[in-house]
Amino acid sequence: MNLKKKLVLLDLRYLEKKYTGLSRYAINISKNLIKENDNKKLKYIIILPPPKFCKHLIYDINQIKQNSEIIYWDQKRGLRWKFPFFILDIKLYYFLLKRKIGTYFCPYIDAPLLPGINVISTIHDTTPIDINNYFQNFQLLKKFLYSFRLLITLYSSNIILTVSNSTKTRLISLYGKQIFNLKEKLENIKVIPNGVSLNISYKDNIELNDLNKYNLFKNKYFLYVGDRRPHKNIQSIITLVKLYNKKFNKNFKLILAGSNNYKNFKLLSMINQNKRFVLEIINPKDSLLDYLYNNCEALCFLSLSEGFGIPILEAAIREKKIIANKIQIFKEVAPSQSLLIDPNDFENMLEDINKYLKNDILPDKKHIKKNWSWEKSASLLSKILLSTMD
């Protein structure tokens, strides 16, 4: 095998963005991919954001640098992440040619045009197309640009990955028509799912004042984990908890844990109107997030569209109850011990929710770990990368 064909570049520049599902996928699949490379058939070169934007990655970098070459890019992507139609990266292309790197792996949708390079792109979901109010302004224009960028990715990538069968099926329904001439490529999409693990080495400890600050010792609570984008449907979660408390004379809190970078003003107004039971914990440290999962009554995840839904697995592996929207992806991912509901029919679901919370049936941690592991996903990806070397 020619040496130059053993080189694989993993583009992890997106990791400049903290606290996102995409970032978690990118770093976890990469770490396990490098660890899985025991046979040394591949040599990985990692490109990261500039050092000053990698401070939150020190622990992860120390893990991957032992068995791969790390390159810090000289500038952050910045606003270019805001424009998914960005398709040219001359500097990156020159770097690939100069180092004679034959395969480029992009854990995201927007791989640039790289003629002569084996490009492997990852499409997590089609949410910006499927959800009408995903964009707060210039909706038609932004939806068109996103669809255009997605098409470019489908045409220009040698191999397409998705994180679920649901996303694969959706792409086939959108672009598998004869007019696009993509049917064969779409049917050959490889599914590399997210994984989950409890083997976490924390860089920080839970501080007692954190628990006191949020009064976590005293209150029973439902938990939502994620950002504030409209498709997350957090307003429905607030409504559900409010109705449940009223009907059954309960005093459950609702903790919203995650990033608030997305300015969802309608949601913010609703949170402010329900401060009595809604509590925000912005970007909790890993140790605090672990505590929140372990001590919640149930995870509430009523998202209207997801590529996967990592919080569901994170709750399941901790053997916590899960109340989720009855959409296709959650039918695929959520353990059978979950309760999938119709958020348009809360009144008829409240009794079911109450019965569900009272029963003793919980997700099987061993089953979750066996079926949704980063090691398993990395092994699948390794085989795909090796196939590009033939």
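Here, every reference points to the structure presented above.
In this text the structure is predicted, and so the values were computed from the model without any measurement. (Residues numbered from 1 in each chain as written. Predicted model: local features only at pLDDT ≥ 70, side-chain atom pairs only at ≥ 80, totals over all residues. Heavy atoms only, no water.)

K.L.:
Any chance you could explain the overall build of the chain here in plain terms?
P.N.:
In terms of regular secondary structure, the chain is built from 16 helices and 13 strands. Over its C-alpha trace the chain gives a radius of gyration of 22 Å, about what one expects of a compact globule, namely 21 Å for 390 residues. Referenced to the eigenvectors of the C-alpha coordinate spread, the extents of the chain come out at roughly 70 × 50 × 35 Å. Taking all 390 residues of the chain together, the buried fraction comes to 54%. In the chain, the proportion of contacts linking residues at least 24 apart, taken out of those at least 6 apart, comes to 72%. Carbon together with sulfur atoms contributes 52% to the accessible area of the chain, which is approximately 19,100 Å² in total. For the chain, the distance from the average position of its 62 positive side-chain charges to the average position of its 34 negative side-chain charges is 3 Å. (Helix = DSSP H or I, 4+ residues; strand = E, 2+ residues; numbered from the N terminus. Rg over C-alpha atoms; globule rule 2.2 N^0.38 Å. Buried < 20%, exposed > 50% of the residue type's maximum accessible area, 1.4 Å probe, protein only. Contact = heavy atoms within 4.5 Å. Areas by Shrake-Rupley, 256 points an atom, 1.4 Å probe, with all protein chains shown as cover. Lys, Arg positive; Asp, Glu negative; His and termini not counted. Charge placed at Lys NZ, Arg CZ, Asp CG, Glu CD.)

K.L.:
How do you make sense of unusual backbone geometry when you look at a structure like this?
P.N.:
Negative phi characterises most residues that are not glycine, and trans characterises most peptide bonds. At lysine 100, a position not held by glycine, the phi torsion is positive, near 55 degrees. Within the element layout of this structure, lysine 100 appears in the loop between α3 (90-98) and β4 (103-106). Positive phi is not limited to glycine here, since glutamate 319 has a value of about 60 degrees. Within the element layout of this structure, glutamate 319 appears in the loop between α12 (310-316) and β12 (322-325). By relative accessible area, glutamate 319 is classed as partly exposed at 36%.

K.L.:
Even after reading the chapter, I still don't get the sheet that holds strand β10 (residues 278-282), so can you show me in this structure?
P.N.:
Sheet strands pair via backbone hydrogen bonds, and the direction of the pair is either parallel or antiparallel. Pairing is parallel across the open sheet formed by six strands, whose spatial order is β10-β9-β8-β11-β12-β13. Looking at strand neighbours, the two that pair on one side only are β10 and β13 (339-341), the edges of this open sheet. Neighbouring strand axes in the sheet, compared pairwise and without regard to direction, differ in orientation by 25 degrees on average. Pairing analysis gives two bridges linking strand β8 (residues 221-225) to strand β11 (residues 298-301), with the strands arranged parallel. (Pairing = 2+ DSSP bridges. Axes fitted to C-alpha atoms, helices over the stretch in contact; angles between N-to-C directions.)

K.L.:
Explain the nonpolar core here, please?
P.N.:
Nonpolar side chains in soluble globular proteins tend to be buried together. Counting 109 residues, the largest nonpolar core has Tyr104, Phe222 and Leu223 as the members making the most contacts within it. At seven residues, the largest contribution of residues to this core is made by helix α9 (residues 234-248). Residues contacting phenylalanine 222, with those up to four places away along its chain left out, are Val241, Tyr244, Phe252, Lys253, Leu254, Ile255, Glu297, Ala298, Cys300, Ile323 and Leu357. If you look at the next biggest cluster of nonpolar residues, it comprises 15 residues, including Ile129, Leu150, Leu171 and Leu174. (Core = buried A, V, L, I, M, F, W, Y, C linked by side-chain atoms within 4.5 Å.)

K.L.:
Can you help me understand helix α10 (residues 265-273) in this one?
P.N.:
Two residues of an α-helix separated by three or four positions point the same way, owing to the 3.6 residues in each turn. Residues of α10 that are buried: Leu267, Met270 and Ile271. Looking straight down α10, one finds that the buried residues subtend no more than 100 degrees of arc, so they occupy a single side. Among the exposed residues of α10, those pointing more than 90 degrees away from its buried face are Phe265, Lys266 and Gln273. (Arc of directions from axis to C-beta.)

K.L.:
Please explain the sheet that holds strand β7 (residues 190-191) as it appears in this structure.
P.N.:
Reading across the sheet, the seven strands line up as β3-β2-β1-β4-β5-β6-β7 and stay open at both edges, with parallel pairing between neighbours. At either margin of the open sheet sits one strand with a lone partner, and together these are β3 (69-72) and β7. Taken together, the four bridges between strand β2 (residues 43-48) and β3 define a ladder with parallel strand orientation. Bridge pairing in β3 places isoleucine 46 opposite isoleucine 70. Relative to the sheet, helix α5 (residues 139-156) contacts β5 (118-123) and β6 (159-162), its axis offset from that of β5 by approximately 140 degrees. Sheet strands touched by helix α6 (residues 165-175): β5, β6 and β7. Its angle to β6, the strand with the most contacts, is close to 125 degrees.

K.L.:
Please explain the state of the cysteines as it appears in this structure.
P.N.:
Formally, a disulfide is one covalent bond, and it connects the sulfur atom of one cysteine to the sulfur atom of another. Under the criterion given, the structure shown has zero disulfides. You can see cysteine 106 has no disulfide; the closest cysteine sulfur is in cysteine 54, sitting 16 Å from it. Judged by its relative accessible area of 2%, cysteine 106 is buried. Here cysteine 296 is not cross-linked by a disulfide; its sulfur's nearest cysteine counterpart is in cysteine 300, at 8.4 Å. (Disulfide = S-S within 2.5 Å.)

K.L.:
Looking at this model, I keep getting lost on the packing of α9 against helix α14 (residues 346-358). Mind explaining?
P.N.:
Relative orientation and spacing of two packed helices are given, respectively, by the angle between their axes and the distance between those axes. Where α9 contacts α14, the two axes come as close as 10 Å, and the packing angle between them is 70 degrees. Relative to α14, the element α9 is oriented roughly perpendicular. In this structure, α9 contributes Ser236, Thr239, Leu240, Leu243, Tyr244, Lys247 and Phe248 to the contact, and α14 contributes Phe346, Glu347, Leu350, Glu351, Ile353, Asn354 and Leu357. Looking at side-chain class alone, the contact of α9 with α14 contains eight nonpolar, three polar and three charged residues. (Parallel < 35°, antiparallel > 145°, perpendicular 65-115°, else oblique. Nonpolar A, V, L, I, M, F, W, Y, C, P; charged D, E, K, R; others polar.)

K.L.:
Just to check I follow, could you spell out the pattern of salt bridges for this structure?
P.N.:
Between side chains of opposite charge, a pair can form when the charged atoms approach closely. According to the stated counting rule, one finds 13 salt bridges in the structure shown. A salt bridge links aspartate 60 to lysine 31; its shortest N-O distance comes to 2.9 Å. A residue pair is termed long-range when its members are at least 10 positions apart, and aspartate 60 in helix α2 (residues 58-64) and lysine 31 in helix α1 (residues 21-36) qualify at 29 residues. In this structure, aspartate 60 and lysine 31 share a single accessibility class: buried. Close ionic contact of glutamate 351 with lysine 247 constitutes a salt bridge, the shortest N to O distance being 4.0 Å. A residue pair is termed long-range when its members are at least 10 positions apart, and glutamate 351 in helix α14 and lysine 247 in helix α9 qualify at 104 residues. (Salt bridge = Lys/Arg side-chain N within 4 Å of Asp/Glu carboxyl O.)

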